[in-house]
Amino acid sequence: MKGLRKVLTPFAPDQSGAVSVLYPLGGAVIVVDAGGCTGNICGFDEPRWQHQAAAVFSAGLRDMDAILGRDQLLVDKACELAQTIRPQFVALIGTPVPAVIGTDLKSLARLIEKKSGVPAFAVVTNGFQLYDKGVEKTYLALLRKYCKVEDSEGAACEKVGVLGMTPFDVDMQKMQPILAAHDTWCPFGWQPDLEAFCQAGKMQHNIVVSPSGLKAARWLKQHFDVDYTVEDPAAVSFAESLSDVRGRRILAVHQQVALKSARQVWLDRGAASVTAGTWFMNDKALRQPGDLQFKEEDEFEAAAASGDYDMIVADAVLRPLAKNFEGEWSDWPYFAISGKQIDVYE
Amino acid sequence: MKTGQTVSELLSKGEKALQSQIAETRDLIYSSPATLAYNSPGAEGYGVKRAGLAIPGSVMLIVSPGCCGRNTSELSELPEYRHRFFYLTMDETDLITGRHLTKIPDAVEEITAFLPQKPSVVMICITCVDALLGTDMDRVCRKAEKAAGVPVRPCYMYALTREGRKPPMVHVRQSLYDLLKKRQRKVDCVNLLGFFNGVDRDSELFELLNAVGVRNVRTLKDCRSIEDFDQMAEANFNLVLNPEALPAAEDLCKRLNMPFIQMNQLYQIDKIAAQYEALGRALGVHFDFEKRREQAEAALSHLKGAAAGWQFAVGEVADANPFELALALLREGFEVKAIYGTVISEYWPWLTKIAELNPGVKIMDNTSPEMMACRPEGTAPTVAVGADAAYYYRDVPQTAKVIWRNPRQPFGFDGVKKLARSVEAAIAEFGREGEEDERA
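Procedures and definitions
Residues numbered from 1 in each chain as written. Chains lettered and ligands numbered in written order. Predicted model: local features only at pLDDT ≥ 70, side-chain atom pairs only at ≥ 80, totals over all residues. Helix = DSSP H or I, 4+ residues; strand = E, 2+ residues; numbered from the N terminus. Rg over C-alpha atoms; globule rule 2.2 N^0.38 Å. Buried ≥ 20, exposed ≤ 12 C-beta atoms within 10 Å, placed from the backbone. Contact = placed C-beta atoms within 7 Å. Domains from an automatic or database assignment. Nonpolar A, V, L, I, M, F, W, Y, C, P; charged D, E, K, R; others polar. Axes fitted to C-alpha atoms, helices over the stretch in contact; angles between N-to-C directions. Parallel < 35°, antiparallel > 145°, perpendicular 65-115°, else oblique. Left-handed = near helix turned anticlockwise from the far one by under 90°. Pairing = 2+ DSSP bridges.

1. Structural notes on the overall build of chain B
1) Next: Helix and strand content of chain B: 19 helices and 15 strands.
2) Next: For chain B, whose C-alpha radius of gyration is 23 Å, the value lies close to the compact-globule estimate of 22 Å for 440 residues.
3) Next: The C-alpha extent of chain B, read off along each of the three principal axes, is 65 × 55 × 50 Å.
4) Next: The buried share among the 440 residues of chain B stands at 49%.
5) Next: Contacts in chain B between residues far apart in sequence, at least 24 positions, make up 73% of those at least 6 positions apart.

Here it is in structure tokens:
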């Protein structure tokens, strides 16, 4: 049945993706929910939360707020907060509740900014979509807010922007040494550097490490003529760690940019074929003929059982769906699917 | 930024100024590890999802946008919940058309066919979205029950109604006990309602009930099969140990003619005794609890020696009401520096007594935005009781941490005794670590 999951649990939602970009930037992030979404985002989807405090709040909506549409209450609460803690910005993050009652989050953000004097914007997520959509919307919201033509005039800076790098997309542990080796790299939303968004139009070029960063890269190309390349160095390092791929027909499941980077490594090392499968964004520019888009459990089950592959490289939680697969399974952790195995602090 | 206020400052504003348990939330809720249990009760303890699966052999279908089921991944890996959660994820079209509701009976059928054994009950968990859509889930459940041939019950994970008259954790208990069917009641059977993780079997409560002829003291936690659960309908009466189970007890009283008596998890020795005396009067029996009371008093007396020079910070993420526990500690002569807990007007009597004993006790509201700046003051050695207090004191050197979240709920004199011993052990552990550091 469409939409029914008997084995897998739901993947990271858009609201979690939005918070993952904003988390280190020093703003006040207000999740417009009753509390449960905030609990899910922080308690499950944000690996930095246990160790690195950030100003994340739940709007604490109650039934009467939703029924009576008491938006002013939220504006007042946000303004009071903005006056008290003086954050760099106030961001409103959408969840299913405002989506159902049709809250105009963008207008509320404008009211908050006007009343408090603190920059405010909204990321209109709704909890129905997946994390990459939330990341994409947040990059665009931040760029539209902070990346202005006047700030981008003059000589280009020495930095290389990195887009699409969130704890969902890349292995935080594997990414740390890569970042350390490239001190000119400036990953947007990865560290406490809101200024990077102001300077985004002056970057040397951008590297897109996951499809969630593509739209922002295209926006920067269109408005500021900043070129971009698409590659995931952490995926390259992972792909190189697989011992023997010669002659193998591989089905790999992850996000598209990671798959593109890994595919190249495996093909160079003699793999017979590499089919990329994803549950997430499927950008036309990155798609190869024969690549797979999964939505339902049985689609992956059928692919695994098809006999077309003798090696599957995917997150371990997908393995129970491959009960009729007779080849070799290799784990490729993906936080957005399993919510674990990538924790830089462990 | 100023954090918290003293109990006397709080009382000076008057009882009406305190947020009532059923009033609306007034502030934004700060998200920190100390408030995870508030925002997402199931993340650490029993939320609606875990509670809804309290009946042996039951499974749950979560009908919601993907975001609501996300953290269930963690729960699904625990052996007792493996293959018990299923999801019918809604999309935006479902939201507009409500078509997800028509899929539920088919989904329940497909799940029952998928499982090797027919589930004892299928719980349908719905969330804020359906609360707003006004879904008649009872009707949907009846339809699903007819289609699949198994009992189907709703449970409402409506965070929107958390401070309402019927919050989710109240309703889920009603849904569960609604499955009990009328049976011949037996005089030697009693149910303990309220705690999903059961009650510590070392508690004198069991021994006292046994002594007056109650041979079967049942809890939901101890039911190993659906037959065990069905036997709960034989109880002569219910003891309600957590107010969240009161509406369920009232339902059972109306439906199965099963009376109930309320008791509370307390740490004040005299109040525990008074509670047993009141229960004895209601049942027309005398409970001989002196020996257990003396044991608790002895443990406290011993702790006084061990904890000389220590002060307490009491949190709400623990098996205790932080205000009652703080009062109990103050009455025993301990110094309480701070209480981390959400104040509601129902706690007014405890607050006034705390103020009489020490008007300077700081009250910190975990959910308040000002807790972002919360740093414990002073350098005195502190016992931090509760996961939230331990969180705030995580970087404070002289701290003995007592998380006080037990596999089963402590109760009565035995709870006092065990808490005293846990505190003593934490202080001793702190001392040992200090000695090792010095040697190093």
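2. Regarding the domain arrangement of chain B
Residues and elements named next belong to chain B.
1) Next: Looking at chain B, the domain boundaries give domain 1 (5–23 + 291–439), domain 2 (46–177) and domain 3 (189–263).
2) Next: Taken together, the contact between domain 2 and domain 3 spans 14 residues of the former and 15 residues of the latter.
3) Next: Every element with two or more residues in the side of domain 2 that touches domain 3 is listed here: α3 (48–52) and α10 (168–177).
4) Next: At five residues, the largest contribution of residues to the side of domain 2 that touches domain 3 is made by α10.
5) Next: Tallied by class, residues from the side of domain 2 that touches domain 3 come to eight nonpolar, three polar and three charged.

3. Considering the packing of helix α16 (residues 322–331) of chain B against helix α17 (residues 348–357) of chain B
All names here are of chain B.
1) Next: Their axes nearest at 10 Å, the elements α16 and α17 cross at an angle of 30°. On the basis of the axis angle, α16 is roughly parallel to α17. Where α16 crosses over α17, the handedness of that crossing is left-handed. Counted together, F323, E324, A326, L327, L330 and R331 of α16 and W350, L351, K353, I354 and L357 of α17 form the full contact between these two elements.
2) Next: Residues of the contact of α16 with α17, tallied by class, amount to eight nonpolar, no polar and three charged.

4. Describing unusual backbone geometry
1) Next: A positive phi angle, near 55°, is found at D225(A), a position not held by glycine.
2) Next: Here D225(A) falls in the exposed class, since 10 other C-beta atoms lie within 10 Å of it.
3) Next: Unusually for a residue other than glycine, W404(B) sits at a positive phi of about 55°.
4) Next: Here W404(B) is to be found in the loop between β15 (399–402) and α19 (412–439).
5) Next: Residue class for W404(B) comes out buried when judged on the 25 C-beta atoms lying within 10 Å of it.

5. Description of the interface of chain B and chain A
1) Next: Contacts between chain B and chain A engage 52 residues on the former and 49 residues on the latter.
2) Next: Broken down by secondary-structure element, the contributors of at least two residues to the side of chain B that touches chain A are β2 (29–30), α2 (36–39), α4 (66–69), α5 (72–76), β4 (85–89), α6 (92–97), α7 (100–114) and α8 (128–133) of chain B.
3) Next: Among the elements that line the side of chain B that touches chain A, the one with the most residues is α7(B), at six residues.
4) Next: Considered class by class, the residues forming the side of chain B that touches chain A number 27 nonpolar, 14 polar and 11 charged.

6. Details of the environment of I403(B)
Residues and elements named next belong to chain B.
1) Next: With respect to the helices and strands, the residue I403 is situated in the loop between β15 and α19.
2) Next: Look at I403 and you get partly exposed, because 18 C-beta atoms sit within 10 Å.
3) Next: Not counting chain neighbours up to four residues away, the residues in contact with I403 comprise G386, A387 and A390.

7. Remarks on the sheet that holds strand β6 (residues 160–163) of chain A
All names here are of chain A.
1) Next: On the basis of which strands lie adjacent, the open sheet formed by four strands has the order β7-β6-β8-β9 and parallel pairing. This sheet does not close on itself; its edge strands, each paired only once, are β7 (185–187) and β9 (228–230). Across the sheet, the axes of successive neighbouring strands diverge by a mean angle of 25°, strand direction being ignored.
2) Next: Summarising the sheet, strand β8 (residues 205–208) and β9 pair through three bridges and their orientation is parallel. Across the sheet, residue V208 finds its bridge partner in β9, namely V230.

8. Quick word on the domain arrangement of chain A
Interface size, as often reported, equals the accessible area lost upon joining of the parts.
Residue and element names in this part refer to chain A.
1) Next: Per the domain assignment, the segments making up chain A are domain 1 (14–146), domain 2 (152–233) and domain 3 (237–338).
2) Next: For domain 1 versus domain 2, the separation of C-alpha centres amounts to 23 Å.
3) Next: Each side of the interface is counted separately: domain 1 has 18 residues, and domain 2 has 21 residues.
4) Next: Those elements that place two or more of their residues in the side of domain 1 that touches domain 2 are α1 (14–22) and α7 (131–146).
5) Next: If one sorts the elements of the side of domain 1 that touches domain 2 by residue count, α7 sits on top with nine residues.

9. A short note on the packing of helix α8 (residues 172–181) of chain A against helix α11 (residues 233–241) of chain A
Residue and element names in this part refer to chain A.
1) Next: As a packed pair, α8 and α11 sit with axes 9 Å apart at the nearest point and diverge in direction by 115°. It follows from the interaxial angle that α8 and α11 lie roughly perpendicular. The element α8 and its partner α11 pack so that their crossing is right-handed. In this structure, α8 contributes K174, M175 and I178 to the contact, and α11 contributes P233, A234, S237 and F238.
2) Next: Class assignment of the residues belonging to the contact of α8 with α11 gives a composition of five nonpolar, one polar and one charged.

10. Considering the pairing of strand β5 (residues 120–123) of chain A
On any regular strand, side chains alternate: one points to one face of the sheet, the next to the other face.
All names here are of chain A.
1) Next: Residues A120 and A122 line one face of β5 and the alternating positions F121 and V123 line the opposite face, and both faces are buried.
2) Next: Two strands pair when backbone bridges link them, and strand β4 (residues 90–93) and β5 are joined in this way by four bridges, in the parallel orientation. What sits directly across from V90, in β5, is A120.

11. Quick word on the sheet that holds β4(A)
1) Next: The five strands are arranged β5(A)-β4(A)-β2(A)-β3(A)-β2(B) in an open sheet whose pairing can be described as mixed. The open sheet terminates on both sides in strands that have one partner only, identified here as β5 of chain A together with β2 of chain B.
2) Next: Bridge count between strand β2 (residues 28–31) of chain A and strand β3 (residues 56–58) of chain A: three bridges; the pairing is parallel. Bridge pairing links I30(A) to F57(A) in β3(A).
3) Next: Strand contacts of α1(A): β2, β3, β4 and β5 of chain A, with the helix running at about 165° to β4(A), the strand carrying the most contacts.
4) Next: Seen against the sheet, helix α6 (residues 105–116) of chain A touches β4 and β5 of chain A and runs at an angle of roughly 165° to β5(A).

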